[in-house]
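# Observations on the three-dimensional arrangement
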Amino acid sequence: MTTTAPAPARAERASAPRPRRPRVPFKSAIVVLLAPFAVLFVLFYVLPIVFAIVQSLLVVRREGTFGKAELVFGGLQQYALVFQNEAFWASMLRMLAFGVVQVPVMLGLALIFALLLDSPLLKGKRFFRLAFFVPYAVPGVIAAIMWGSLFSPNLSPFTALTRNVDFLGADLVLWSIANVVTWVYVGYNMLIIYSSLLSIPSEIYEAARLDGAGQFRIAWSIKIPLVRPAIVMTAIFSIVGTLQLLAEPQVFRSFSSAVTSTFTPNMTVYATASIPNANLAAAFSVVLAVTTFVLSFGFMKWMQKKGNA
């Protein structure tokens, strides 16, 4: 025989508050989630920067010709040598010329490919999306070896062209390297812009078609303005990558005598550290990092000002 609890007792149990699970404080959750990134960021980004700055302020001193070498504080002596180094600044100007030509061409092609993939007129989008992106899956060193062989008169299957046009000569080798960089990174930048295109609401396109806009007009007046932030981001990435160029010209040294050990700023840093002169190489690195920051940040602020005008 079962008994039923009185109504007041049931009501009392129902109204009693249920025990709640202890909640992790919001600030503690943020700390836990950000801790892995913060540790790696400090170990592999902040500390190397601090170490490079410290090393750039040191000089090697010896007591006599064969005395023991000691590292002592030298102030800005290494930086004075940096600003007197003509090869380093020539490499900086070379990379600036490289970026002024190569970056707009690469991003222009990436934008065109992204617009084609987003267009309803293009057939076989899966194939073209893969075809545009596949070169990025090829490591830069392998791509440089492949293109260097194609440009070399003794190795290229297109000897009728390479024997008449010196792609590896002093006049064209920079643009041959630019061809390799463009071929590799067009697909990467295209993917960023294409992802931005996919986030645009379809209602905007439908309204434009109702107003009589064609595909070209939609692309020019709607798609390109709305993906402008993505284009700016890829441009900043490209500026940083241009000043840090190393693998492709390093490989091209085996194909062309026109590519010297100081052809790019990073190659100058590498060659200086190999002497070895780690302190001067650190000063080169700090100046290169500051220049990269100034150019990329200046470009971003210029684009923001232009967008608000």
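On a predicted model such as this, the values are computed, not experimentally measured, just so you know.

Broken down by element type, the chain carries 14 helices and two strands. The burial tally for the chain puts 33% of its 309 residues in the buried class. A fraction of 65% describes how many contacts in the chain between residues 6 or more apart in sequence connect residues 24 or more apart. Accessible area of the chain: about 19800 Å², with a carbon and sulfur share of 68%.

This brings us to the side chain of Ser56. Locating Ser56 in the fold gives a position in helix α2 (residues 26-56). A relative accessible area of 0% means that Ser56 is categorised as buried. Ser56 has contacts with Gly75, Gln78, Tyr79, Asn279, Ala282, Ala283 and Val286, leaving out every residue within four places of it along the chain.

This paragraph deals with helix α5 (residues 125-137). Over its 13 residues, α5 runs 19 Å from end to end, which matches the ideal 18 Å to within 8%, given 1.5 Å per residue. Maximal helix bending in α5 amounts to about 25 degrees, located at Ala131; proline Pro135 follows within four positions.

Core analysis: the largest hydrophobic core is formed by 35 residues, its most contacted members being Val82, Phe98, Ile177, Phe252, Val259 and Phe263. Secondary-structure elements contributing two or more residues to this core are α3 (77-84), α4 (86-118), α6 (140-151), α8 (173-198), α12 (247-252), α13 (265-273) and α14 (278-308). If we ignore the near neighbours within four places in the chain, the residues touching Val82 are Phe88, Trp89, Leu280, Ala283, Phe284 and Val287. Residues Ala114, Ile200, Ala208 and Val227 belong to the second largest nonpolar core, which totals 17 residues.

We now examine the pattern of salt bridges. As enumerated under the stated definition, the model contains one salt bridge in all. The shortest N-O distance in the salt bridge between Asp118 and Lys223 comes to 2.9 Å. Of this pair, Asp118 sits in helix α4 while Lys223 sits in helix α10 (residues 215-226), placing them 105 residues apart in sequence. Residue classification places Asp118 among the buried positions, given a relative accessible area of 15%. Residue class for Lys223 comes out buried when judged on its relative accessible area of 4%.

Our next topic: the packing of α4 against helix α11 (residues 228-243). It is at 10 Å that the axes of α4 and α11 come closest, and there the two elements cross at 145 degrees. For the crossing formed where α4 meets α11, the hand is right-handed. The residues of α11 that touch α4, namely those facing Met95, Phe98, Gly99, Gln102, Val103, Met106, Leu107 and Leu111, are Ile231, Thr234, Ala235, Ser238, Thr242 and Leu243. Looking at the contact of α4 with α11 residue by residue, the classes come out as nine nonpolar, five polar and no charged.

Attention now moves to the packing of aromatic side chains. Scanning all chains against the criterion turns up 17 aromatic pairs. Ring geometry for Phe113 and Phe132: centres 4.2 Å apart, planes at 10 degrees, overall stacked. One end of the pair, Phe113, is in helix α4; the other, Phe132, is in helix α5, with 19 residues separating them in the sequence. Classification of Phe113 as partly exposed rests on a relative accessible area of 21%. What makes Phe132 buried here is its relative accessible area of 18%. Ring centres 6.0 Å apart and planes at 40 degrees place the aromatic pair Phe128 and Phe132 in the tilted group. Here Phe128 and its partner Phe132 are both found in helix α5, four residues apart, which amounts to about one turn of the helix. Looking at Phe128, the relative accessible area reads 29%, which means it is partly exposed.

With that out of the way, let us pick up the environment of Gly169. Topologically, Gly169 is positioned in the loop between α7 (159-162) and α8. According to the relative accessible area criterion, Gly169 is buried, its value standing at 11%. Along the primary structure Gly169 and Ser256 are separated by 87 residues, whereas in three dimensions their C-alpha atoms are 6.9 Å apart.

About the criteria used
Residues numbered from 1 in each chain as written. Predicted model: local features only at pLDDT ≥ 70, side-chain atom pairs only at ≥ 80, totals over all residues. Heavy atoms only, no water. Helix = DSSP H or I, 4+ residues; strand = E, 2+ residues; numbered from the N terminus. Buried < 20%, exposed > 50% of the residue type's maximum accessible area, 1.4 Å probe, protein only. Contact = heavy atoms within 4.5 Å. Areas by Shrake-Rupley, 256 points an atom, 1.4 Å probe, with all protein chains shown as cover. Expected span 1.5 Å × (residues − 1). Bend = angle between axes of the 7 residues up to and from the residue. Core = buried A, V, L, I, M, F, W, Y, C linked by side-chain atoms within 4.5 Å. Salt bridge = Lys/Arg side-chain N within 4 Å of Asp/Glu carboxyl O. Axes fitted to C-alpha atoms, helices over the stretch in contact; angles between N-to-C directions. Left-handed = near helix turned anticlockwise from the far one by under 90°. Nonpolar A, V, L, I, M, F, W, Y, C, P; charged D, E, K, R; others polar. Phe/Tyr/Trp six-rings, centres within 6.5 Å; stacked < 30°, edge-to-face > 60°.

Geometry only, nothing functional implied.
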